[in-house]
Amino acid sequence: MSKRGTISWVLAAAIPLAFLTVFFLWPVGSILLRGLTAGAIGGSTNFTGGVVSSPAATFAEVFGAVRTWKIVWQTVWMAAAGTVLSVLFGVPGAYVLYRLRLPAAALWRGLITVPFVLPTVVVGIAFRALLDGDGPAAFLGIGQSTAAVVLAMVFFNFSLIVRTVGSMWMGLDPRQAEAARTLGASAWKAFYTVTLVQLAPAIAAGASLVFLYCSTAYGLVTTLGRPAYGTIETEIYLQTVTYLDLNKASLLSLLQFAIVALALVASSRLARRTETALRANTHERRSPSLTDIPAFLATALMVMLIVAPMAALVARSFQVQGKWSLLNYQLLSSSSGVGMAGGTTVIEALSHSLAIAADATVIALAVGLPLAYVLSRRLQGGWAKVQSIIDGFVLLPIGISTVTVGFGLLVTLGLGPMASSAWLVPIAQAIVALPLVVRAIVPSARAIDPRTREAASTLGASPLRVLLTIDVPLTARGILLACGFAFAASMGEFGATSFVANPQYQTLPVLIVKLLGRPGEHNYGMALAGAVILAAITGSIMMAAEIMLRADSSRPSLWRRVGRSVQSIAWLRTSFLYEKHTRRTKPMNNSDGGIRGRESARSDDELRAPQQETA
């Protein structure tokens, strides 16, 4: 880089990194340090001003308690159960949707990925509408139980396995399995000894991400009533808000961080051990046959699991005492609920969420755009290493539980310099959305031919003018998608917001959970109606952003556009971690599952003409 380019690159990196250091690294680091020292550093009193126990006594009290290990065990086994079921049903689903020739295949793929773009609060209350009280599946007797939580986890993550495994499966050469069949192997043995071995990297990468999401499913567990002992995240919230014990909460946060870190390390090693060099070709799909019936049945069962909760949520939001009525929606603007309402109606909470999400989007873009500029430049040598470190630092908020982020912000800023600030919640939501914003912009920015910028610089354009006249126009679609995704993610964010939200300025997800916790039919009905509105808003925003991103002169069919829109939105949420696990696997890098690969493939067709015109 030239001297002027180096200065602009350093300045573009310095301000966003300072923001992340103050509002992410410091809060999270202080919580982990407090957990390691059990309160010996960071203060010797609790919320109420009482003297806390010594570090050794706090360690013994937390890790010597039977309840702690029951909570840890429940967190781990529910996450493992959700992962196993997602894989067991996801692999047949990937086969049906990616290897067989089906009518409206893009629509079906879009349908199974709908849950992944919904807020966790909406998914949780949808399962309560299905399994609780007068719900259609209440006869199963598993409402507000650990079984309901595991089903909700599978509902949420089934599409992740389908997408990761399906993208790999499309590139496998079917002639290898056919050769095994010719040599006398049964269909099952050919699949087990040939196909499954080749799919192992994708299954390992997808399963590790599912376990990560399941072990940090705070919104699902809270909405479903915190069954049995709850999870580590719900216990952190309980110790902080109810018992006001920051030291115990810090130790539990440290334990949660250790579980997530171990899961990531184990998955990375597993993915490396199971890597197989394969040719990345997309082979023609074949017509279904009788041998595919078991795979179709498994996929149909998952489609029913996806459709049933959402249909129950919408239907029960229009019912009062078993009769069809609009009363639940009419109460949204006139009632704050029965009991400890706090004086906030659902419509007021919705307006708060819209305003906060707008602020969070502005913050995420203000920080994410310079970072995208820094990460999109092709550098070499020491600068490339620095760029790689920055890239990993930006992705850290995704690997950290939102509960830990919210708890850290509460302790470091919420009880101190920003205790009464209206910007604490937007900042928390912006931190959660920031990695997704960067990943939405960087691929299209990297697809720009560097010679276009060089030509503009040769003609006398300053770095700022090159940025405004070349980078911004050619990455406009990525920026648009980043705006929509940041806004929708902020609207549905619950984990961090539940810690730092002002009781007099509640967001819609927080109010929905509070309504669920209050007795009374109207409270429950308003929670259902609020969840429907939240799902409609977030889904519409993300769908609109993706449709505008995909708009071109070819104008594909409606089914294909809807299906691809939902798939791309869902996949964007996991592409950054997925690339980390599959970086060394050739089929993964070249398959249609990677955002960067798709953008690079489109660079010659979609970006060359705009580049020439701009230059």
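One can find the structure itself at the top, above this paragraph.
Residues numbered from 1 in each chain as written. Predicted model: local features only at pLDDT ≥ 70, side-chain atom pairs only at ≥ 80, totals over all residues. Heavy atoms only, no water.

*Asks:* Pulling in residues and values, what's your account of helix α18 (residues 450-458)?
*Replies:* Among the residues of α18, those classed as buried are Thr452, Arg453 and Ala456. Along α18, the residues classed as buried sweep out an arc of 95° about the axis, all on the same side. The outward face of α18, more than 90 degrees from its buried face, is lined by the exposed residues Arg451 and Thr458. Directly beyond the C-terminal end of α18, a positive phi value near 100° is found at Gly460. (Buried < 20%, exposed > 50% of the residue type's maximum accessible area, 1.4 Å probe, protein only. Helix = DSSP H or I, 4+ residues; strand = E, 2+ residues; numbered from the N terminus. Arc of directions from axis to C-beta.)

*Asks:* Explain the pattern of salt bridges to me, and be specific about the residues and the numbers.
*Replies:* The full count for this structure, using the stated rule, is five salt bridges. Between Arg439 and Asp391 there is a salt bridge, and its shortest N-O distance comes to 3.3 Å. Taken together, the residues span a long stretch of sequence, with Arg439 in helix α17 (residues 424-446) and Asp391 in helix α15 (residues 382-399) at a distance of 48 residues. Shared partners join several salt bridges into a network, and the residues in it are Glu61, Asp245 and Lys248. (Salt bridge = Lys/Arg side-chain N within 4 Å of Asp/Glu carboxyl O.)

*Asks:* Tell me about the packing of helix α14 (residues 346-376) against α17, and name the residues and values.
*Replies:* How two helices sit against one another is set out by the angle between their axes and by the gap between those axes. At their nearest, the axes of α14 and α17 sit 7 Å apart, and the two run at 40° to each other. It follows from the interaxial angle that α14 and α17 lie oblique. Read as a crossing pair, α14 and α17 show a hand that is right-handed. Residues of the contact of α14 with α17, tallied by class, amount to 21 nonpolar, three polar and two charged. (Axes fitted to C-alpha atoms, helices over the stretch in contact; angles between N-to-C directions. Parallel < 35°, antiparallel > 145°, perpendicular 65-115°, else oblique. Left-handed = near helix turned anticlockwise from the far one by under 90°. Nonpolar A, V, L, I, M, F, W, Y, C, P; charged D, E, K, R; others polar.)

*Asks:* Could you give an account of a nonpolar patch on the surface, naming the residues involved and the relevant values?
*Replies:* Together, Val10, Trp383 and Val386 give the surface a local cluster of nonpolar side chains, amounting to about 220 Å² of exposed area. In this structure, Val386 sits in helix α15. (Patch = residues over 30% accessible without salt bridge, like charges linked within 9 Å, V, L, I, M, F, W, Y side chains within 5 Å. Areas by Shrake-Rupley, 256 points an atom, 1.4 Å probe, with all protein chains shown as cover.)

*Asks:* Break down the nonpolar core for me, citing the residues and quoting the values.
*Replies:* The nonpolar side chains of a soluble globular protein tend to be buried with one another. Leu313, Leu371 and Ile390 are the most contacted members of the largest nonpolar core, which has 156 residues in total. With residues near it in sequence (within four places) discarded, Leu313 still touches Val122, Ile125, Ala126, Ala129, Leu528, Ala531 and Val532. (Core = buried A, V, L, I, M, F, W, Y, C linked by side-chain atoms within 4.5 Å. Contact = heavy atoms within 4.5 Å.)

*Asks:* If you had to explain the environment of Pro450 to someone new, which residues and values would you point to?
*Replies:* Assignment of secondary structure puts Pro450 in helix α18. Exposure remark for Pro450: the relative accessible area of 30% places this residue in the partly exposed category. Measuring from C-alpha to C-alpha, the distance between Pro450 and Arg378 comes to 8.4 Å, with 72 residues separating the pair along the chain.

*Asks:* So what's going on with the packing of helix α3 (residues 66-99) against helix α12 (residues 293-317)? Residues and values would help.
*Replies:* Relative orientation of the contacting elements α3 and α12 amounts to 110°, with a least axis distance of 8 Å. Here α3 lies roughly perpendicular to α12, going by the angle between them. Residues Phe89, Pro92, Gly93, Tyr95 and Val96 of α3 touch α12, and the partners they reach there are Ala295, Phe296, Ala298, Thr299, Leu301 and Met302.

*Asks:* How would you explain the packing of aromatic side chains if you had to name every residue and give the values?
*Replies:* Throughout the structure, instances matching the rule amount to ten aromatic pairs. Between the aromatic rings of Tyr237 and Phe499, the centroid separation amounts to 5.3 Å while the plane-to-plane angle is 85°, which identifies the pairing as edge-to-face. Of this pair, Tyr237 sits in helix α10 (residues 232-242) while Phe499 sits in helix α21 (residues 497-500), placing them 262 residues apart in sequence. Using a relative accessible area of 18% as the deciding quantity, one classes Tyr237 as buried. For Phe499, a relative accessible area of 7% corresponds to the buried category. Through pairs of rings, three or more aromatic residues link up here, namely Tyr218, Tyr237, Phe407, Phe494 and Phe499. (Phe/Tyr/Trp six-rings, centres within 6.5 Å; stacked < 30°, edge-to-face > 60°.)

*Asks:* Outline helix α4 (residues 105-113), listing residues and values.
*Replies:* All of the buried residues in α4 are Ala105, Ala106, Arg109, Gly110, Ile112 and Thr113. Projected down its long axis, α4 shows its buried positions confined to an angular sector of 165°, all on one face.

*Asks:* Residues and numbers for the side chain of Glu233, please.
*Replies:* Relative to the elements of secondary structure, Glu233 occurs in helix α10. One buried charged residue, Glu233, forms no salt bridge at all, with the nearest opposite charge on Arg226 at 10 Å. Ignoring any residue separated from it by four or fewer positions in sequence, one finds Glu233 in contact with Ser215, Thr216, Ala217, Tyr218, Gln256, Ser401 and Val403. (Lys, Arg positive; Asp, Glu negative; His and termini not counted.)

Coordinates in, geometry out; function isn't part of it.
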